[in-house]
Amino acid sequence: MKIVFMGTPDFAVPSLQALIDAGHEVCAVYTQPDKPQGRKQVLTAPPVKELALRHGIPVYQPVTLKNEEEQEKLRALAPEVIIVVAYGKLLPKAVLDIPPRGCINVHGSLLPRWRGAAPIQWSVIAGDQKAGVTTMQMAEGLDTGDMLLTYETEIGARETAGELFDRLAQAGAKLLLETLETLDGITPQPQDDSQSCYAHMLDKQMAVIDWAKSAHEIDCLIRGLNPWPVALTTLAGARLKIYAAEPVSGTARQGEVLVSDPKKGLVVACGEGALALREVQLVGGKRMKSADFLRGHAIETGTILGE
């Protein structure tokens with residue numbers, strides 16, 4: 001099948017690779033423009049662009065697809081179908097109407113739950129028991145198109161968003177191939193808009209831990225924000241990132257250190273229950289196990305985090 005592929009981050013890479021390996025004719029790849037990254041702000045190509053160039057596939061990086069010139073370029077490629085995986089741009093109707101087989105999106109949630117930019121992270125933050133991937137026929141709204149196929153999986157009790165992200169990226173690639181192979185026999189299913197919720201983009205402001213929340217809620221936040229932007233609190237005025245924790249029993253003032261011992265660990269009281277901090281990083285220092293951290297940083301019991 002002649003395909004134009006639109007995608008940008010790591011999540012989209014397995015899907016593009018699967019199309020290539022399956023022998024589909026990927027005539028072009030559309031991805032976001034290169035962006036400066038890191039402290040030195042080095043201009044960096046998106047992962048999808050790197051994969052496409054390795055396979056000799058033409059790459060297009062328009063700032064917008066809303067102008068007629070860009071739409072005409074796309075129309076001239078004459079794709080049978082456009083595949084979209086975490087592209088990062090809404091497609092105007094003029095683009096949606098170009099391929100005769102439509103535009104198919106691979107979305108990292110069990111639609112209609114978690115429409116939007118960060119569905120995998122929010123499924124963890126919200127404490128969902130299940131996550132998944134949905135392929136759908138794209139429409140003008142945000143992730144509102146009719147559903148084609150779904151893949152469902154349990155979220156592990158200690159699974160981070162990053163770990164789930166990697167699993168679903170691979171699952172999405174398999175589901176995409178299955179969708180294309182059986183497309184003629186699939187009956188699209190409309191979404192129930194009343195069951196939808198929005199997964200807005202993550203930002204650093206939401207990373208600050210509110211110790212008044214339950215240990216379960218904070219644990220979900222920590223796992224959902226790993227690997228970025230990483231949940232954090234303050235210790236004696238310094239920012240302390242928390243990469244891993246685990247709910248345990250304990251009661252005290254919210255944010256109070258109940259246990260601080262290299263052998264017994266670092267335990268902090270929450271609004272309900274307590275959290276054993278397993279892996280931390282003082283901003284400017286190294287990420288390490290809490291036992292190692294406590295050998296170099298004395299924290300007295302009774303210390304209040306977040307003040």
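Residues numbered from 1 in each chain as written. Predicted model: local features only at pLDDT ≥ 70, side-chain atom pairs only at ≥ 80, totals over all residues. Heavy atoms only, no water.

S.K.: How should the layout of surface pockets be read in this particular structure?
M.R.: The probe, sized like a water molecule, is rolled over the atoms to show the empty space still left. The calculated volume of the second largest pocket comes to roughly 180 Å³. If you go around the second largest pocket, you meet 14 residues; those closest to its centre are Arg158, Thr160, Asn226, Tyr243 and Ala244. Secondary-structure elements contributing two or more residues to the lining of the second largest pocket are helix H7 (215-224), strand E13 (238-248) and strand E16 (274-282). If you tally residues by element for the lining of the second largest pocket, the top one is E13, at 4 residues. (1 Å grid on protein atoms, 1.4 Å probe; cavity = no way out; pocket = protein on both sides within 12 Å on 5 of 7 lines; lining within 4 Å. Points joined across faces, edges and corners; volume = space filled by probe spheres on them. Helix = DSSP H or I, 4+ residues; strand = E, 2+ residues; numbered from the N terminus.)

S.K.: What's the story with the sheet that holds strand E6 (residues 81-85) in this structure? I'm lost.
M.R.: Hydrogen bonding along the main chain pairs the strands of a sheet, whether they run parallel or antiparallel. Strand order across the open sheet formed by 7 strands is E5-E2-E1-E6-E7-E9-E10, with mixed pairing between neighbours. The sheet terminates laterally at strand E5 (59-60) and strand E10 (147-154), the two strands that pair on one side only. Bridging between strand E9 (residues 130-137) and E10 involves 7 bridges; their strand directions are antiparallel. Opposite threonine 135, over in E10, you have leucine 149 as the bridge partner. Sheet strands in contact with helix H3 (residues 68-77) are strand E1 (2-7), strand E2 (25-30), E5 and E6, and its direction is about 170° off that of E2. (Pairing = 2+ DSSP bridges. Contact = heavy atoms within 4.5 Å. Axes fitted to C-alpha atoms, helices over the stretch in contact; angles between N-to-C directions.)

S.K.: Explain a nonpolar patch on the surface here, please?
M.R.: Together, Leu90, Leu142 and Tyr198 make up an exposed nonpolar region whose accessible area comes to about 320 Å². According to the relative accessible area criterion, leucine 142 is partly exposed, its value standing at 37%. (Patch = residues over 30% accessible without salt bridge, like charges linked within 9 Å, V, L, I, M, F, W, Y side chains within 5 Å. Areas by Shrake-Rupley, 256 points an atom, 1.4 Å probe, with all protein chains shown as cover. Salt bridge = Lys/Arg side-chain N within 4 Å of Asp/Glu carboxyl O. Buried < 20%, exposed > 50% of the residue type's maximum accessible area, 1.4 Å probe, protein only.)

S.K.: Looking at this structure, how should I read the side chain of serine 109?
M.R.: Tracing the chain through its elements places serine 109 in the loop between strand E7 (103-107) and strand E8 (115-116). For serine 109, the residues in contact, after removing those within four places along its chain, are Trp114, Pro119, Gly132, Val133 and Thr134.

S.K.: What is the right way to read a negative patch on the surface from this model?
M.R.: A grouping of Asp10, Glu50, Glu163 and Asp166 is seen on the molecular surface, where their side chains present a negatively charged patch. With respect to the helices, strands and loops of the structure, aspartate 10 is situated in the loop between E1 and helix H1 (13-21). (Lys, Arg positive; Asp, Glu negative; His and termini not counted. Charge placed at Lys NZ, Arg CZ, Asp CG, Glu CD.)

S.K.: I'm lost on the nonpolar core in this one. Help?
M.R.: Side chains that are nonpolar tend, in soluble globular proteins, to be buried together. Core analysis: the biggest nonpolar cluster contains 37 residues, and Phe5, Leu16, Leu19, Val26, Val29 and Ile83 have the highest contact counts within it. Per-element tally for this core: the top contributor is helix H6 (residues 161-181), with 9 residues. (Core = buried A, V, L, I, M, F, W, Y, C linked by side-chain atoms within 4.5 Å.)

S.K.: Would you mind showing me how to read the pairing of strand E12 (residues 231-235) here?
M.R.: Looking along a regular strand, one sees side chains alternate from face to face of the sheet. E12 sits mainly inside the fold: 4 of its 5 residues count as buried. Pairing analysis gives 5 bridges linking E12 to E13, with the strands arranged antiparallel. The residue bridging threonine 234 from the neighbouring strand is arginine 239, located in E13. A loop of 2 residues connects E12 with E13, the two strands running antiparallel in sequence, and alanine 236 in this loop sits at a positive phi of about 55°.

S.K.: Would you mind showing me how to read the pairing of strand E14 (residues 257-261) here?
M.R.: Two elements, E14 and strand E15 (residues 265-269), share 4 bridges in a ladder whose sense is antiparallel. Within E15, the residue paired with valine 257 across the bridge is valine 268. The hairpin formed by E14 and E15 contains 3 residues between the paired strands.

S.K.: What is the right way to read the state of the cysteines from this model?
M.R.: Note on terminology: a disulfide is the covalent bond linking the sulfur atoms of two cysteines. According to the stated counting rule, one finds 0 disulfides in the structure shown. Counting only cysteine sulfurs, cysteine 220 is the nearest neighbor of cysteine 197, a cysteine outside any disulfide, at a range of 15 Å. Taking relative accessible area as the criterion, cysteine 197 reaches 21% and is therefore assigned partly exposed. (Disulfide = S-S within 2.5 Å.)

S.K.: Quick question: what am I supposed to make of the packing of aromatic side chains here?
M.R.: The geometry of an aromatic ring pair comes down to the distance between the two centres and the angle between the two planes. For the coordinates displayed, the defined rule picks out 3 aromatic pairs. Between tyrosine 30 and tyrosine 60, the ring centres sit 5.0 Å apart and the planes meet at 15°, which makes this aromatic pair stacked. With tyrosine 30 in strand E2 and tyrosine 60 in strand E5, this residue pair connects regions lying 30 residues apart in the sequence. Relative accessible area serves as the criterion here: at 0%, tyrosine 30 is assigned to the buried category. Exposure remark for tyrosine 60: the relative accessible area of 27% places this residue in the partly exposed category. Of note, arginine 287 hangs over the ring of tyrosine 243, and the distance from its end group to the ring centre comes to 3.8 Å. (Phe/Tyr/Trp six-rings, centres within 6.5 Å; stacked < 30°, edge-to-face > 60°. Lys NZ or Arg CZ within 6 Å of the ring centre and 35° of its normal.)

S.K.: What's the story with the pattern of salt bridges in this structure? I'm lost.
M.R.: A side chain of one charge can pair with a side chain of the opposite charge when the charged atoms of the two come close. By the definition in use, this model includes 15 salt bridges. Among the ionic pairs, aspartate 193 bridges to arginine 115, the shortest N-O distance being 2.7 Å. In this pair, aspartate 193 sits in the loop between H6 and strand E11 (198-199) while arginine 115 sits in strand E8, placing the two residues 78 residues apart along the sequence. Residue classification places arginine 115 among the buried residues on the basis of a relative accessible area of 10%. Salt-bridge contacts for arginine 223 lead to aspartate 219; the nearest nitrogen and oxygen are separated by 3.4 Å. Pair noted here: arginine 223 and aspartate 219 are both in helix H7, with a separation of 4 residues, about one helical turn. Residue arginine 223 shares its accessibility class with aspartate 219, and that shared class is buried.

S.K.: When you look at the environment of arginine 54 in this model, what are you seeing that I'm missing?
M.R.: Turning to its location among the elements, arginine 54 is positioned in helix H2 (residues 47-54). Since its relative accessible area comes to 62%, arginine 54 is described here as exposed. For the pair arginine 54 and leucine 19, spaced 35 residues apart in sequence, the C-alpha separation works out to 14 Å.

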